[in-house]
Structure formats: structure tokens, C-alpha cells
Amino acid sequence: EYEVLLFTLLVIAVKAHNGEEIKYNRTLFVDQKGIFPQPTDVKVSLNGNLGQLHVSWTPYLSAWEQIYQLQYSVVEPEYSGPTQALQIEYIYSNSYLLQGLLPGITYEVKVRSRPDNKTTDGFWNSWSQSAYARTPFSADDVNLHCSTADLKYVICTWNSSKEMEPYNFYSLYYQTSDNTWSQCQQQNYTMEGDTISHCCLFYVQNQGKNIVTVKLTAPLFAKTFYKEPFQMENIVRPYTPEILYSNHTHGKLTLQWKAPIKELEDHLHYQIRYSMDNSSEWQLLQIQQSVTQKTLDLVPSKTYVIQVRTKPNGNKYNGFWSSWSDSISLTDMSISDGISGLSVVMIVVAG
């Protein structure tokens, strides 16, 4: 019979039992007393970054401007730190990025809303149904490491335990600037004792322009490991240098080696290490220039074992040391390159 019209004064009165005496009365604006149904379809998902979760939800009345509060808390049974709920105040969109979260921890997330105080005013509704997600683990937990030797292919390696993490539960995915996740297909492993060493190789198009993100998933354990995004020029681990020529005269040894690939030859520096008389201690020489030849002074009547390795010099490319080259052994002050007819001894020494 009667209708309440928005934006119209509403008079409320409370009368005594006799219907005559007014105990309480109040005049209010309906548009200042709104309370909307709670948000629905709350979702929490990984976004490719360590320590972050992306939260989204659907407002029940999307035609009305609303502000939101988000509440999150740790619900990990084995977590011994603080678990009190934290709140994010005054969110003006229907999504939010939680940052600075602990790795490998399950979080509970809830959302609620109220009118935005502009077109209408009112009260907070009740909290939404909870949504749950586990933050990604750090790549360091499984020694996940990625590098490129040729600026085209990326190889990623990681370790797991045979008892705790069966090898066939792992899958590696990579994402470039097109934001599409692709599964690495060229994956294999080796086992040594209880340790399983995995590796996977994939090709990256438009290498210089792409930022690459890598994740490792173990679905049956509900675990995801994220590696910090990288660019190809910052993860260069060159191929091992090859010693091409060595010549010994008058107490001096001249070594010449080959740069791993032409694209890198002007952007590398080198180290030479040698040991004397089968000593387990190595002497290290640093060569800062992009040269591929070095003359060494030798001590008479000593036996030498010599190796070379290389690394980007940091000007254009950054990355890691290569493996040490195969060794050359110098005995009784004679060495050969195979051309002059002297004898050369090649020893493979693990780098």
C-alpha cells in the first residue's frame, strides 16, 4: 500500500501501546542508510611473482559505486608466526594485488563492501565467503637456476629429493612478454643417491626484447616455485672455452683459446687457473680484457695443470662463469700443440 522512495525523507516513529504517545522518532534519508549484499565469486590466483597473490571478486550490485575492504590471514597448520587477520582499507576496484606475503604459505581471503559515500551512503555488509590460495615457493628451495649459452635457448636446472618429491610430479613452464605460459617439453633428469637433478631446455623468440618468467609446479603437492623474471642478456653462462694453442719457450708459456660464440667474443673476460706438482691448491689469474691469449711465467722443474673459463664482463651481458676447460698438463718443461711434434697431455678435470 505504501512505497519508500529513495532520496525522500523517511520519518520513523515508535509509539506506546496505546498508539498515542510517541516514544522515539527519527527522520532520515534512505540514500544514507544503504547496505548492499556481500561480494561474490572471490578468487585468489598466482600472478607470476614471488610473495604476491591476485584477488578478484564480483560486486552484487555492479550499477552502484562501492568501496571494499579485504581481509587476509595465514591458515597454514605448521606455521608458527603471527596469524592475526590483516585488512586492506578502501579499495575502489573489484580486484587487488596482495604483496609482501610469505613464500609457500596458505592464505584465507575475504571481501566486503559498502556504498562509496558519494552517490549514496551506508554500512559495511558481512564478509564474503572465504577463498584460499598458497603463495609460490622460492626457486632457491629447489636450486632452480636458468642460463643461456647462445642467447637463443634457455636451460633450467633444479634438484629434488627422491623420497619427498618424486621426479615425475614436476613440470616447468615459461612465460615471455606475450603473457602465455608454455610447458617446457625437453625435460630429463639424472639420479644420484637420494638426489634427483632435473633440467629442461626451451627456445625464446625475440630474445633481446623479452622478459622471461619461469615457474615449476608439483601439482600433487600443491606447490609452485617462481623464479624472478629475467632477460636473456642477464643470464649468460658461456660455453666452455677451448684451448687451441700452447707454446713453451725460455720459461714462458703462451696460451691461446677460442671464445665460445662470436656474438660474445667482445663481451667476455677470463680466468686461468693452474696447480703445480699435483697440488690440490689452485693459483688464479684474472684477465679483464676480452683477449684470447695470455703468456705465463713458469717456474723451472715444475709440473703444471692449467685450465681456462669465461664469464660476461658486465658491459652488455651479465651472467655466470662457464665450466673450466679441459686441462693441459706441462711436464719436464715441455709442451706441444700437436703441430710441432712435441707431446701434449690432455686431462679432463671437473670444473
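Bear in mind the structure is a predicted one, so any value in this text is a computation, not a measurement.

What counts and how
Residues numbered from 1 in each chain as written. Predicted model: local features only at pLDDT ≥ 70, side-chain atom pairs only at ≥ 80, totals over all residues. Heavy atoms only, no water. pLDDT = per-residue confidence, 0-100. Helix = DSSP H or I, 4+ residues; strand = E, 2+ residues; numbered from the N terminus. Contact = heavy atoms within 4.5 Å. Polar contact = N/O pair within 3.5 Å; in protein donor to acceptor, adjacent residues only side chain to side chain. Disulfide = S-S within 2.5 Å. Buried < 20%, exposed > 50% of the residue type's maximum accessible area, 1.4 Å probe, protein only. Pairing = 2+ DSSP bridges. Axes fitted to C-alpha atoms, helices over the stretch in contact; angles between N-to-C directions. Core = buried A, V, L, I, M, F, W, Y, C linked by side-chain atoms within 4.5 Å.

A. Region of the structure containing the confidence of the model for the protein. When the pLDDT values of the protein are averaged, the result is 83; 87% of them are 70 or greater. Here strand β26 (residues 345-347) is the element of the protein with the lowest mean pLDDT, 42, and strand β7 (residues 95-98) is the one with the highest, 96. Counting interchain partners and residues more than four positions distant, the pLDDT-below-50 stretch residues 334-351 has 33 contacts.

B. Structural detail: the environment of Ile 67. Within the fold, Ile 67 resides in strand β5 (residues 66-74). Linking Ile 67 and Pro 115, residues 48 residues apart in sequence, is a C-alpha distance of 6.3 Å. Residues within four places of Ile 67 in sequence aside, it is in contact with Tyr 90, Ile 91, Tyr 92, Arg 112, Ser 113, Arg 114, Pro 115, Asp 116 and Trp 124.

C. How the structure looks around the environment of Gln 66. Among the structural elements, Gln 66 can be located in strand β5. Separated by 49 residues in sequence, Gln 66 and Pro 115 have C-alpha atoms that sit 4.6 Å apart. Filtering out sequence-adjacent residues up to four positions away, Gln 66 remains in contact with Phe 36, Pro 59, Leu 61, Ile 91, Ser 113, Arg 114 and Asp 116. Among the polar contacts made by the side chain of Gln 66, one reaches the side chain of Ser 113 at a distance of 2.8 Å.

D. Summary view of the state of the cysteines. In total, this model carries two disulfides according to the counting rule given. Between Cys 146 and Cys 156 runs a disulfide, and the two sulfur atoms are separated by 2.1 Å. Its S-S torsion of approximately 105° makes the covalent link between Cys 146 and Cys 156 right-handed. Residue Cys 146 is located in strand β11 (residues 145-147), and its partner Cys 156 is located in strand β12 (residues 153-161); the two are separated by ten residues in the primary sequence. Accessibility assignment for this pair places Cys 146 and Cys 156 in one class, buried. At a sulfur-sulfur separation of 2.0 Å, the disulfide partner of Cys 184 is Cys 200. Between Cys 184 and Cys 200, the S-S dihedral sits near -110°, and the bridge is therefore left-handed. A residue pair is termed long-range when its members are at least 10 positions apart, and Cys 184 in the loop between β14 (181-183) and β15 (186-192) and Cys 200 in strand β16 (residues 195-203) qualify at 16 residues. Accessibility expressed as a relative area gives 3% for Cys 184, which makes it buried.

E. Representation of the pairing of β5 in the model. Among the nine residues in β5, nine count as buried, and that is most of the element. Burial along β5 is two-sided: Gln 66, Tyr 68, Leu 70, Tyr 72 and Val 74 and Ile 67, Gln 69, Gln 71 and Ser 73, pointing in opposite directions, are all buried. Bridge analysis of β5 against strand β8 (residues 106-115) gives nine bridges, and the strand direction is antiparallel. Residue Gln 69 lies in a different strand from β8, and its bridge partner there is Arg 112. As defined by bridge partners, β5 adjoins strand β6 (residues 86-91) across four bridges and the pair is classed as antiparallel. In the strand pairing of β6, Tyr 68 is matched with Ile 91.

F. Just the sheet that holds strand β20 (residues 252-258), in detail. Taken in spatial order, the three strands line up as β19-β20-β23 in an open sheet, and their pairing is antiparallel. For this open sheet the edge positions go to β19 (242-249) and β23 (293-297), each flanked by a neighbour on one side alone. Neighbour to neighbour, the strand axes of the sheet diverge by 20° on average, direction disregarded. Relative to β20, β19 is paired through seven bridges, and the arrangement is antiparallel. Pairing of Tyr 245 across the sheet is with Gln 256, part of β20.

G. Molecular detail of the side chain of Ser 325. Residue placement: Ser 325 occurs in the loop between β24 (304-312) and β25 (327-330). Those residues in contact with Ser 325 that sit more than four places away from it in its chain are Thr 240, Pro 241, Ile 243, Gln 307 and Val 308.

H. Representation of the sheet that holds strand β13 (residues 171-175) in the model. Sheet architecture is open: five strands sit in the order β10-β18-β17-β13-β14, paired in mixed fashion. Looking at which strands have only one partner, the edges of the open sheet turn out to be β10 (137-138) and β14. Here β10 runs beside strand β18 (residues 223-231); their pairing, made up of two bridges, is parallel. Bridge pairing in β18 places Ser 138 opposite Tyr 226.

I. Region of the structure containing the nonpolar core. The biggest cluster of nonpolar side chains holds 23 residues, and the ones touching the most others in it are Leu 144, Val 154, Leu 172, Phe 202 and Val 214. Of all the secondary-structure elements, those providing two or more residues to this core are β12, β13, β16, β17 (211-218) and β18. Ranked by residues supplied to this core, first place goes to β17 with four residues. Aside from chain neighbours lying at most four places away, what touches Val 154 is Cys 146, Ser 147, Cys 200, Leu 201, Phe 202, Val 204, Phe 230, Met 232 and Ile 235. Val 236, Leu 268, Ile 287 and Ile 306 belong to the second largest nonpolar core, which has 22 residues in total.

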